[in-house]
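An overview of the molecular structure
Each chain, letter by letter, is given below.
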Amino acid sequence: MALISVVIPVHNRAGLVTRAVTSVLGQSFRDFELIVVDDGSDDDTAEVLATFEEKTTVLSQSNRGVSAARNLGIRHSAGELVAFLDSDDQWLPQKLERQLASFDPADRCFVCHTDEIWIRNGREVPQKKQHRKQGGRFFERALRLCLISPSSVIISRRLLDSVGWFDEELQAAEDYDLWLRVTAFHNVHFIPEPLVVKHGGHEGQLSNTIPAIDRFRVQAIVKILGNPDLIPEYRHAAERELARKCRILASGCEKRGKLREAQHYRELAQTYRK
């Protein structure tokens, strides 16, 4: 069975990271290495991670963001497969085992995600229909929303190397960007079982600290449109979604008096209007 490299990026989550690490160490599947990347924490995160030093590899860097942290973990990984877990989330004990049951070693471009349980402020919340997960080819749905959670994914290192790692220039929506590059060209496996618990509503979440995240989704769509191998059907869908997101951003900028930014998005929307 393939060795899995598990990568957890963490920044200032001394009170949360123990839960994430413990959920990996408690997996029923045992052939994995755990790499935790401390992204310049200045709280007690380093001290907490030191209690797991015999079972984990802890890497440290200056605060460069989640993409750089994940990429550092990938760079030091030895596994044929790579799995990610955000430091505020947790896995259920059968997560890796269930996903590996669908893995064919002959599949050079394997990627698999699972369903999730969403917890906000300590209470489970239902997922809306638009957020439902799926497998197969779903690039057009992935354009509208980020349908794959990094915490739920196992992906082959060969596929990561092929499509490119996380974009360190993006402050947010770095996962959306990666999944566009994956779903545009590859089939995605899906385990319709909630094997990840995602915890929201706490201080420090990117979605709560970075405004207008669609700015970065627009950058991601522009990137995928620059790929000459994108099939016409997907290209047209990406252009439509880019124009839609730009119109929304332009309206938001106008309401806040950011007229130059609004004009930029209006012009970009007009460029790709279909």
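Refer to the structure above for everything that follows.
To start, this report covers the structure provided alongside it. (Residues numbered from 1 in each chain as written. Predicted model: local features only at pLDDT ≥ 70, side-chain atom pairs only at ≥ 80, totals over all residues. Heavy atoms only, no water.)

Side note on helix 1 (residues 17–25)
Our working rule: Each residue is placed in one exposure class: buried if its accessible area under a 1.4 Å probe, protein chains only, is under 20% of its type's maximum, exposed if it is over 50%, and partly exposed if it falls in between. Each helix is a run of DSSP H or I of at least 4 residues and each strand a run of E of at least 2, with the numbering of both proceeding from the N terminus. We call two residues in contact when some of their heavy atoms are within 4.5 Å.
If you check which residues of helix 1 are buried, you get Val17, Ala20, Val21, Ser23, Val24 and Leu25. Where helix 1 is buried, its residues touch strand 1 (4–10), strand 2 (32–39), helix 2 (45–50) and strand 5 (90–91).

Observations regarding the nonpolar core
So the rule is basically this: Nine residue types can take part in a nonpolar core, namely buried Ala, Val, Leu, Ile, Met, Phe, Trp, Tyr and Cys, and a core is a set of them joined through side-chain atoms within 4.5 Å.
In terms of nonpolar packing, the biggest core is built from 50 residues, with Phe84, Phe139, Leu143, Ile155, Leu180, Val182 and Ile221 touching the most fellow members. For this core, the secondary-structure elements that each account for two or more residues are strand 4 (81–84), helix 5 (139–144), helix 6 (157–163), helix 7 (174–183), helix 9 (214–225), helix 10 (232–255) and helix 11 (259–272). Examining the composition of this core, we find that 9 residues originate from one element, helix 10, more than from any other. Sequence-distant contacts of leucine 143, that is, excluding residues within four places in its chain, are made with Tyr176, Leu180, Ile221, Ala237, Ala238, Glu241 and Lys245. Ranked by size, the runner-up nonpolar core spans 30 residues in total, among them Val10, Val48, Trp91 and Phe110.

Section: the side chain of arginine 181
For clarity, the threshold we go by: Here a polar contact means two N or O atoms within 3.5 Å. Within protein one must be a hydrogen donor candidate and the other an acceptor candidate, and residues neighboring in sequence count only if both atoms are side-chain atoms.
Tracing the sequence through the fold places arginine 181 in helix 7. Judged by its relative accessible area of 13%, arginine 181 falls in the buried class. At 2.9 Å, the side chain of arginine 181 and the backbone oxygen of glycine 164 are in polar contact. When residues no more than four places from it in sequence are discounted, the contact partners of arginine 181 are Val163, Gly164, Trp165, Phe166, Asp167, Lys223 and Ile224.

Remarks on the environment of lysine 133
Structurally, lysine 133 is set in the loop between strand 7 (123–125) and helix 5. The sequence separation of lysine 133 and isoleucine 148 amounts to 15 residues, and the corresponding C-alpha distance is 7.4 Å. Ignoring anything within four residues of it in the chain, the contact list for lysine 133 reads His113, Thr114, Asp115, Glu116, Trp118, Gln127, Leu147 and Phe190.

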